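Structure assessment
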Amino acid sequence: MPSDLSRLVNALGLIAVDTVLVLAFVDQLWFRDLPCPLCILQRAGFIAAGFGLALNLLFGPRPSHYGVMILGASVGAAMSMRQILLHIVPGTGSFGNPILGLHLYTWAFIAFALMIVGGAILLLNDRQFGRPEPWSSRLGVLPLTAFVVFAVVAVGNFISTLLICGLGFCPDNPTQYLLFSGTPV
């Protein structure tokens, strides 16, 4: 895979992560569906996986960057699977509204699995690792946009988590922003 194609694939991967995180925010803000603790951990998994892709865009592709992506996606997949297993038993209910018949945590597991497989496939291409200078020296519009959106959404998730959980443990089933409820932190 030529290095320009590798850059495009990394930028598209980061845009996919951006899309997932933005859609999670839309669900949170528009539909007032606050994320549970496992949902927050899944978002952290997406951010960690996206961080590996962002490193590839800024410093050029490295196996260690793909390793960060795969580790982040693996942790996120474990959190998603935990939530799926919590709600798979009949009568236990579910968390959030289904989209196309599947809940967000199931979609998250599918996305994490695709990221793990995609990262492994990208690691098979040794030619992309021969580029000497960092890509950030000539970062195009698409990779730069993907990176900026990722940074904004990652910071937004951090702030959102602080608003929901405060400085302590997150509520099991959050119904309001803890910092706005008047409850001492």
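Parameters and conventions
Residues numbered from 1 in each chain as written. Predicted model: local features only at pLDDT ≥ 70, side-chain atom pairs only at ≥ 80, totals over all residues. Heavy atoms only, no water. Helix = DSSP H or I, 4+ residues; strand = E, 2+ residues; numbered from the N terminus. Buried < 20%, exposed > 50% of the residue type's maximum accessible area, 1.4 Å probe, protein only. Areas by Shrake-Rupley, 256 points an atom, 1.4 Å probe, with all protein chains shown as cover. Axes fitted to C-alpha atoms, helices over the stretch in contact; angles between N-to-C directions. Parallel < 35°, antiparallel > 145°, perpendicular 65-115°, else oblique. Left-handed = near helix turned anticlockwise from the far one by under 90°. Nonpolar A, V, L, I, M, F, W, Y, C, P; charged D, E, K, R; others polar. 1 Å grid on protein atoms, 1.4 Å probe; cavity = no way out; pocket = protein on both sides within 12 Å on 5 of 7 lines; lining within 4 Å. Points joined across faces, edges and corners; volume = space filled by probe spheres on them. Phe/Tyr/Trp six-rings, centres within 6.5 Å; stacked < 30°, edge-to-face > 60°. Lys NZ or Arg CZ within 6 Å of the ring centre and 35° of its normal.

Let's shift gears to the overall build of the protein. Of regular secondary structure, the protein possesses five helices and zero strands. Mapped in sequence order, the helices and strands of the protein form the string α-α-α-α-α. A total of 185 residues make up the protein; the buried ones form 37% of that total. For the protein, the accessible surface area stands at approximately 10000 Å², while carbon and sulfur atoms represent 74% of it.

Another aspect to go through is the packing of helix 2 (residues 37–59) against helix 3 (residues 63–87). Taken N-terminus to C-terminus, the directions of helix 2 and helix 3 make an angle of 165°; their axes are 8 Å apart at the nearest point. When the axis of helix 2 is compared with that of helix 3, the two are roughly antiparallel. With respect to the hand of their crossing, helix 2 and helix 3 are arranged in left-handed fashion. Grouping the constituent residues of the contact of helix 2 with helix 3 by class yields 15 nonpolar, nine polar and one charged.

Once that is clear, we can look at empty space enclosed by the protein. Throughout the structure, instances matching the rule amount to one cavity of 30 Å³ or more. Roughly 30 Å³ of internal volume is contained in the largest cavity. In this structure, the largest cavity is lined by Pro35, Ile40, Arg43, Asn157, Ser160, Thr161 and Ile164. Residue contributions to the lining of the largest cavity peak at four residues, all from helix 5 (residues 141–165).

What follows deals with the packing of aromatic side chains. Applying the stated criterion across every chain, the model contains one aromatic pair. Pairing phenylalanine 46 with phenylalanine 112 gives two aromatic rings, centres 4.0 Å apart and planes at 25°, and the pair type is stacked. Taken together, the residues phenylalanine 46 in helix 2 and phenylalanine 112 in helix 4 (residues 104–123) connect sequence positions 66 residues apart. Note that arginine 43 overlies the ring of phenylalanine 25, its terminal NZ or CZ placed 5.5 Å from the centroid.

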